[in-house]
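# Structural overview for review
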Amino acid sequence: MREYLLTLCITAAVTYLLTGPVRKFAIVAGAMPEIRARDVHREPTPRLGGIAMFFGLCAGLLVADHLTNLNQVFEKSNEPRALLSGAALIWLIGVLDDKFEIDALIKLGGQMIAAGVMVMQGLTILWLPVPGVGTVALTQWQGTLLTVALVVITINAVNFVDGLDGLAAGMVCIASAAFFMYAYRIWYSYGIEAAAPATLFSAILMGMCLGFLPHNMHPARIFMGDSGSMLIGLVLAAGAISVTGQVDPDVMNLFSGSERNTVHQTVPVYIPLLLPLTIIAIPAADLILAIVRRTWRGQSPFAADRGHLHHRLLEIGHSHSRSVLIMYFWSALIAFGALTYSVNSASMWIVLGVVVLSAIGLVLLLLPRFTPRAPVWAERFVPPRYRRRKAVPDAAQPAVEEVPADEEPRTPVAAGVSGVNGATAVGPRSRLSR
């Protein structure tokens, strides 16, 4: 665990330190497009934040390769090199798009090529655990098509949700944290070394997002752009593919005992099929709704609009920060709810807790004008908008001189304003004028 934490911290530090210089480079390079009709921000903001995130990824892999235990991941598996190859390709496409805004079909083709590069180097789905059937081996073509489809869907889901400051980075960070806990448990609880690459990918992805978030929170000083959103989407998909397609469920030795026990015990086997979907549940739902909405209007599925979930939250009255926090809440609820259920699927308390938290989330959605306030002891750690307003004491109020009924009110003295002779300017009915 210490080596994972070290890798995470190095990745976050490199990403954080490089984001500032990358912002200056983006301004010089002119990667500051004009504000479009669908944009929420009001001032041109530089993109290319994915450059810092990519070098954070490279730093994380480099550090992990020189650590005692994590070095075995590189010796026994080719998946880290496959991830780096696909990430470099998708990152280059994203950088070109941030600067020149290339066509959507060209980006889609590049995403498929990047996924194909990873498949050629061994990062592919080999089998699927099917409930009631067991482990189903896939042919080469089936595994390739399923892998490419999962990569492309995840990349575009993350790209579509990147519409508010800090939204995509925060949601992917939450998802990668849940996936890290699951993959780490599979590796150390069941002793399955095939889950080690996915655990490493999740730790590095958390570092990339955490290092970029301080620069991207509202009001954002830099955007990750497609170079960042497609990159973190590909890394997230790579971890899901590694666990789903590389870990053999039969190794867990769970198919024994009564039928009821088998159903409960095999939940961790089938969670790899569900957890990647729950991780991108909110972005995937937004993606599907966007495709249906645009197709129904006769538009291209890749045509941008202001109909995404985060746009709707703003329309019903939520503030920018509150909309982002609501999306964080639902992502964490779905991802960690599925993770908790995989640990103990027989507990009804888990289901009850998810239901209660879902009810709380619905209440938050219905109260767009409610502004949360932090406790007094935590005010110094939160932005000013979440602090309690302190009442101004009466002694601090300026004294108002009583004016007789038969006398006109005097014009207040303008502080800091001097007349021609250096005297303070006053109204025509002041004591000095009389």
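Residues numbered from 1 in each chain as written. Predicted model: local features only at pLDDT ≥ 70, side-chain atom pairs only at ≥ 80, totals over all residues. Heavy atoms only, no water.

## Structural notes on the nonpolar core
If you look at soluble globular proteins, the nonpolar side chains tend to sit buried side by side. Ranked by internal contacts, the top residues of the largest apolar core, which has 86 residues, are Tyr-4, Leu-57, Leu-200, Leu-231 and Leu-234. Residue contributions to this core peak at 17 residues, all from helix α7 (residues 167-190). Discounting residues that sit within four places of it in the chain, Leu-234 has contacts with Leu-83, Gly-86, Ala-87, Ile-90, Ala-114, Met-118, Val-151 and Ile-155. (Core = buried A, V, L, I, M, F, W, Y, C linked by side-chain atoms within 4.5 Å. Buried < 20%, exposed > 50% of the residue type's maximum accessible area, 1.4 Å probe, protein only. Helix = DSSP H or I, 4+ residues; strand = E, 2+ residues; numbered from the N terminus. Contact = heavy atoms within 4.5 Å.)

## Side note on the packing of helix α5 (residues 104-120) against helix α6 (residues 140-161)
Their axes nearest at 9 Å, the elements α5 and α6 cross at an angle of 130 degrees. With respect to their mutual orientation, α5 and α6 come out oblique. Where α5 crosses over α6, the two elements pack in a sense that is right-handed. The residues of α6 that touch α5, namely those facing Lys-107, Leu-108, Gln-111, Met-112, Ala-115, Gly-116, Met-118 and Val-119, are Thr-144, Thr-147, Val-148, Val-151, Val-152, Ile-155, Asn-156 and Asn-159. (Axes fitted to C-alpha atoms, helices over the stretch in contact; angles between N-to-C directions. Parallel < 35°, antiparallel > 145°, perpendicular 65-115°, else oblique. Left-handed = near helix turned anticlockwise from the far one by under 90°.)

## What to know about the environment of Ile-125
Within the fold, Ile-125 resides in the loop between α5 and β1 (127-130). For Ile-125, a relative accessible area of 4% puts it in the buried group. Each C-alpha atom of the pair Ile-125 and Gly-143 lies 5.1 Å from the other, and the pair is 18 residues apart in sequence.

## Points about the packing of helix α2 (residues 50-65) against helix α4 (residues 79-100)
The contact between α2 and α4 brings their axes to 11 Å, and the two run at 170 degrees. Here α4 runs roughly antiparallel to α2, going by the angle between their axes. Across from Gly-50, Ile-51, Phe-54, Leu-57, Cys-58 and Leu-61 in α2, the residues of α4 making contact are Pro-80, Leu-83, Leu-84, Ala-87, Ala-88, Trp-91 and Val-95. Class assignment for the residues of the contact of α2 with α4 results in 12 nonpolar, 1 polar and no charged. (Nonpolar A, V, L, I, M, F, W, Y, C, P; charged D, E, K, R; others polar.)

## A closer look at α5
Relative to the 24 Å expected for 17 residues at 1.5 Å per residue, α5 spans 24 Å between its end C-alpha atoms, a close match to the ideal helical length. Listed in full, the buried residues belonging to α5 are Lys-107, Gly-110, Gln-111, Ala-114, Ala-115, Met-118 and Val-119. Capping the start of α5 is the job of one residue whose side-chain oxygen sits 3.0 Å from the backbone nitrogen of Leu-105: Asp-103. Count one or two residues on from α5 and you reach Gly-122, which has phi positive near 105 degrees. (Expected span 1.5 Å × (residues − 1). Polar contact = N/O pair within 3.5 Å; in protein donor to acceptor, adjacent residues only side chain to side chain.)

## Describing the pattern of salt bridges
Enumeration according to the criterion identifies 2 salt bridges in this entry. For Asp-97, the salt bridge goes to Lys-107, with nearest N and O atoms at 3.6 Å. Residue Asp-97 is located in helix α4, and its partner Lys-107 is located in helix α5; the two are separated by 10 residues in the primary sequence. Note on accessibility: Asp-97 and Lys-107 belong to one class, buried. Through salt bridges with shared partners, one network takes in Asp-97, Lys-107 and Asp-226. (Salt bridge = Lys/Arg side-chain N within 4 Å of Asp/Glu carboxyl O.)

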